[in-house]
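In case you want the letters, here they are:
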Amino acid sequence: MGMAAEAHQFHVLAVDDSLIDRKLIERLLKTSSYHVTTVDSGSKALEFLGLNKDEQIDSIPTSVEVNLIITDYCMPGMTGYDLLRKIKESKSFKDIPVVIMSSENVPSRINRCLEEGAEEFFLKPVQLSDVDKLRPHLMKGKCQENEPNNKRKGDIEEFHSPDRTRTRYDDLEVV
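First, a word on what this report is: a plain description of the structure on this page. (Residues numbered from 1 in each chain as written. Predicted model: local features only at pLDDT ≥ 70, side-chain atom pairs only at ≥ 80, totals over all residues. Heavy atoms only, no water.)

Points about the sheet that holds strand β1 (residues 11–15)
Selection rule: DSSP-based pairing: two strands are paired if at least 2 bridges between them are found. Secondary structure is summarised from DSSP: a helix means a run of H or I of at least four residues, a strand means a run of E of at least two, and numbering begins at the N terminus for each. Axis definition: a line fitted to C-alpha atoms, limited for helices to the stretch in contact. Angles are taken between N-to-C directions and run from 0 to 180 degrees. Contacts are assigned to residue pairs with any non-hydrogen atoms lying within 4.5 Å of each other.
Strand order in the open sheet made by the five strands is β2-β1-β3-β4-β5, with parallel pairing throughout. The strands lining the two open edges of the sheet, one partner per strand, are β2 (35–39) and β5 (120–123). The average undirected angle you get between the axes of adjacent strands in this sheet is 20 degrees. With four bridges joining them, strand β4 (residues 98–102) and β5 adopt parallel strand pairing. Bridge pairing in β5 links Ile100 to Phe121. Of the strands in this sheet, β1, β3 (68–72) and β4 touch helix α4 (residues 80–89), which is tilted by about 175 degrees from β4. The strands touched by helix α5 (residues 107–116) are β4 and β5; relative to β5, the strand with the most contacts, the crossing angle is about 150 degrees.

Comments concerning the pattern of salt bridges
Counted only if it meets this: Salt bridge criterion: a side-chain nitrogen from Lys or Arg within 4 Å of a carboxyl oxygen from Asp or Glu. The buried label goes to any residue with under 20% of its type's maximum accessible area, the exposed label to any with over 50%, and the partly exposed label to all in between, with areas taken from a 1.4 Å probe on protein chains only.
Applying the stated criterion across every chain, the model contains eight salt bridges. Residue Asp72 is joined to Lys124 by a salt bridge in which the shortest nitrogen-to-oxygen separation is 3.1 Å. Of this pair, Asp72 sits in strand β3 while Lys124 sits in the loop between β5 and α6 (128–132), and the two are 52 residues apart along the sequence. Judged by relative accessible area, Asp72 falls into the buried class, the value being 5%. Relative accessible area serves as the criterion here: at 17%, Lys124 is assigned to the buried category.

What about the packing of aromatic side chains?
Selection rule: Only centres within 6.5 Å qualify two rings of Phe, Tyr or Trp (six-membered ring in Trp) as a pair; their planes then separate them into stacked at under 30 degrees, edge-to-face at over 60, and tilted for everything else.
Under the criterion given, the structure shown has one aromatic pair. Summarising the aromatic geometry, the rings of Phe10 and Tyr34 are spaced 6.4 Å apart at their centres and angled 50 degrees between planes, so their arrangement reads as tilted. Pair noted here: Phe10 is in the loop between α1 (3–7) and β1 and Tyr34 is in the loop between α2 (19–31) and β2, with a separation of 24 residues, a long-range link. The pair Phe10 / Tyr34 is uniform in exposure class, with both members buried.

Right, dumping it as structure tokens:
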């Protein structure tokens, strides 16, 4: 079984309010043989996952299998950061890797997303080289599915991408 056949089993939920950006990320992901579902808002992403924002999180069990969520940061209504927080608060979806995209390079925003649990922060326009960085996070998700509750928090670090997309800006001094 080749890499393309192996990658096809991964389902990515792409969230972006911009039709052009949504089509671009969909094309890049499909080029890399991922199954892609696109939605145009954070609330539609939650609806797709079965997490109704008006009800208690995880109130309805869902059969949707998503291996990774990639979302725009700036969207009307619910931001990508808000979506990230909802996903990480969910019992059913907290282990799904979330990647944030933005056309704005704002270090405090990048750090906040990474600290809240985002796996990567991509600057737009997203490129094929960015999509290639998703595989370690997808593999991490698969390992967690196959070995539930066998990982300690420290053990998960070994699955992180060796080269984070953006460096953290802790301990910067303003001059």
